[in-house]
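Chain residues, written in single-letter form:
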Amino acid sequence: MGMTALAASSNFNDYKPSINDFMPPEILFQGTPFAINRIILVRILATIIMLLVLGITAARAKLVPGRWQGAVEWLIDFVRNDIVYQVMGEVRGKRYVPMVTTVFLTLLVFNLCGEIPGFNIAASATITLPLVFAMWCFCQYWIAGVREKGLGRFLRDELFPKGVPWPVYILLAPIQLLELLIIRPFSLTIRLFANMVSGHLILALCLGATQYFLVAVVNKVLAPFGVLTFAAGMFMYLFEILVACLQAYIFAILTTAYINMSYPEVD
């Protein structure tokens, strides 16, 4: 009888999130090349806020930093010392500190938008933005390789790695080319995109189930399930904050590692 009442009271599908929630309809300039949906609006607002915060912090910087300036400087020092210099070394890494810092801070802010009330969606929750950052990474990868080795040697080192019997190159070279052009950028893109979408869907599912069991269902015998789903939702909320920070770090350190791979090995 409880299950009958549950089915009669409402339909859980009305509360269940779907992938369509990450592709919201246009809300501004519909039908034009400048159409903006909620995710793009979140990206614009997050970028403005980030630039204002960093700009004001830089403009008010003091020799003896306060707590806020110290926190911002610690974050920048973390990227420089614990990501770029740790992977590439100081001499080689100085060139890429601005780029990797931009990648890390932008993805960190964009990922955390999904946990900010009012935004409620990660700005990196569609595949376009992770793809743009991945392509930026691999453009720098190619530029560094061609600059340091020349195009011929760069392609030779990438397609024909040393220590492999020459008949194997017939099979290995196309695979290496595919990895260079598609697999590595695609893996960077999918890793970020899939983590942000899947985690947010689970969080939305938990909170949707909470509303369903505690509010929509007539039979309050099922209310304990709502308490459990609410607790799971709070856990996922905290876990999503961790994932947002971790994915920005992983993307930044992989970007640094890939660019470093394009340089000639030091004997």
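Quick note: structure is the one above.
Residues numbered from 1 in each chain as written. Predicted model: local features only at pLDDT ≥ 70, side-chain atom pairs only at ≥ 80, totals over all residues. Heavy atoms only, no water.

## Considering unusual backbone geometry
Logical step 1: Positive phi is not limited to glycine here, since N120 has a value of about 60 degrees.
Logical step 2: Residue N120 is classed as partly exposed on the basis of its relative accessible area of 44%. (Buried < 20%, exposed > 50% of the residue type's maximum accessible area, 1.4 Å probe, protein only.)

## Focus: helix α3 (residues 67-88)
Logical step 1: The terminal C-alpha atoms of α3 lie 30 Å apart, and with 22 residues this matches the ideal 32 Å at 1.5 Å per residue to within 8%.
Logical step 2: What α3 keeps buried is the set Q69, V72, V79, I83, V84, Y85 and M88.
Logical step 3: In the core, the buried residues of α3 are packed alongside α2 (38-59), α4 (90-93), α5 (97-112) and α9 (223-261).
Logical step 4: The positive-phi residue at the C-terminal boundary of α3 is G89, with phi of around 85 degrees. (Helix = DSSP H or I, 4+ residues; strand = E, 2+ residues; numbered from the N terminus. Expected span 1.5 Å × (residues − 1). Contact = heavy atoms within 4.5 Å.)

## With respect to the nonpolar core
When a protein is soluble and globular, its nonpolar side chains tend to lie buried together.
Logical step 1: Within the largest apolar cluster, 45 residues are counted, with the highest numbers of intra-cluster contacts made by V84, Y96, F104, L107 and F251.
Logical step 2: Breaking this core down by element, the ones donating at least two residues are α2, α3, α5, α6 (128-149), α8 (169-216) and α9.
Logical step 3: Broken down by element, the residue count for this core peaks at nine residues, all from α5.
Logical step 4: Setting aside its immediate chain neighbours within four residues, V84 contacts V79, G89, G93, Y96, V97, V100 and T256. (Core = buried A, V, L, I, M, F, W, Y, C linked by side-chain atoms within 4.5 Å.)

## Considerations on the packing of α2 against α5
Logical step 1: Taken N-terminus to C-terminus, the directions of α2 and α5 make an angle of 125 degrees; their axes are 10 Å apart at the nearest point. Accordingly, the angle class assigned to the pair α2 and α5 is oblique. Viewed along their axes, α2 and α5 form a crossing whose handedness is right-handed. Contacts from R43, A46, T47, M50 and L54 of α2 reach α5 at L105, T106, V109 and F110. (Axes fitted to C-alpha atoms, helices over the stretch in contact; angles between N-to-C directions. Parallel < 35°, antiparallel > 145°, perpendicular 65-115°, else oblique. Left-handed = near helix turned anticlockwise from the far one by under 90°.)

## Comments concerning helix α7 (residues 151-159)
Logical step 1: When we look at burial in α7, the residues that qualify are F154, E158 and L159. The buried residues of α7 all sit within an arc of 110 degrees when viewed along its axis, so they share a single face. (Arc of directions from axis to C-beta.)

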